[in-house]
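As a plain string of letters, each chain reads:
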Amino acid sequence: EQQVDFVWRVLRRYGVPERDLEDACQEVFLIVHRKLPEFEQRSSLRTWIYAIAARVAMVSRRKAYFRREQLGSETPEQSFEPEQEATASQNRTLSQVERALRELDADKREAFVLYELEGMNVAEVAQAIGVPENTALYRLHRAREELAAKLKRAALVSGVRPQSGRLGRAV
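Residues numbered from 1 in each chain as written. Predicted model: local features only at pLDDT ≥ 70, side-chain atom pairs only at ≥ 80, totals over all residues. Heavy atoms only, no water.

Draft legend 1. Region of the structure containing the packing of aromatic side chains. Going through the model one piece at a time under the given rule, you end up with 2 aromatic pairs. Note on Phe39 and Trp48: the rings are 4.8 Å apart at their centroids and 35 degrees apart in plane angle, and the pair reads as tilted. For Phe39, a relative accessible area of 18% gives the class buried. For the cation-ring pair, Arg46 lies above Phe6, with the distance from its terminal atom to the ring centre recorded as 4.3 Å. (Phe/Tyr/Trp six-rings, centres within 6.5 Å; stacked < 30°, edge-to-face > 60°. Buried < 20%, exposed > 50% of the residue type's maximum accessible area, 1.4 Å probe, protein only. Lys NZ or Arg CZ within 6 Å of the ring centre and 35° of its normal.)

Draft legend 2. A look at unusual backbone geometry. Even without being glycine, Gln41 reaches a positive phi, approximately 60 degrees. By the secondary structure assignment, Gln41 is in the loop between α2 (21–35) and α3 (45–66). (Helix = DSSP H or I, 4+ residues; strand = E, 2+ residues; numbered from the N terminus.)

Draft legend 3. Spatial organisation of the packing of helix α5 (residues 106–117) against helix α6 (residues 122–129). Look at α5 against α6: their axes get within 9 Å of each other, and the N-to-C directions meet at 140 degrees. Overall, the two elements α5 and α6 adopt an arrangement that is oblique. Remark: the crossing between α5 and α6 carries right-handed chirality. Taking contact as the criterion, the partners of Glu110, Ala111, Leu114 and Tyr115 in α5 are, on α6, Val122, Val125, Ala128 and Ile129. (Axes fitted to C-alpha atoms, helices over the stretch in contact; angles between N-to-C directions. Parallel < 35°, antiparallel > 145°, perpendicular 65-115°, else oblique. Left-handed = near helix turned anticlockwise from the far one by under 90°. Contact = heavy atoms within 4.5 Å.)

Draft legend 4. Expanded view of the nonpolar core. Val7, Leu11, Val28 and Tyr50 are the most contacted members of the largest nonpolar core, which totals 41 residues. Elements supplying a minimum of two residues to this core: α1 (2–13), α2, α3, α4 (82–103), α5, α6 and α7 (133–158). Element by element, the count of residues in this core is highest for α3, at 8 residues. Among all residues touching Val28, those that are not within four sequence positions of it are Val7, Leu11, Ile49, Ile52, Ala53 and Val56. (Core = buried A, V, L, I, M, F, W, Y, C linked by side-chain atoms within 4.5 Å.)

What follows is the structure in structure tokens.
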């Protein structure tokens, strides 16, 4: 279950549309099952699964790009309770963060997600993405700078004040 949650987060953070997450997650574990005899344990199981999930996410995003759907422009009129408004505000903030993450270069997003959101150390990040530790650190630093700038712009445009917390510390 821990690996399923990890894969789900990786896929979501790498831009797999919500409607495709379940299928993409299942595909990751089908590949893991099929390729497990080839796993040479040169890296941890988690970084190996991460690499598979990242590739599946890339393919899924490409497929979604070619799929066209018509979305309705009307939003239902509703009144919200105070706790619903707080939840809606948190969801808007989360959407801004996810959008900002999707706009980062893939190399920077990878380093940021693995270090800041998945809790890997720099050595593990470097191993997972196949670069020297200094390169991983550089990508992480640049990702933090770019993400902070994107979130600041988004907050200014929407009139929302950036919130502190784990992500506030991370960026």
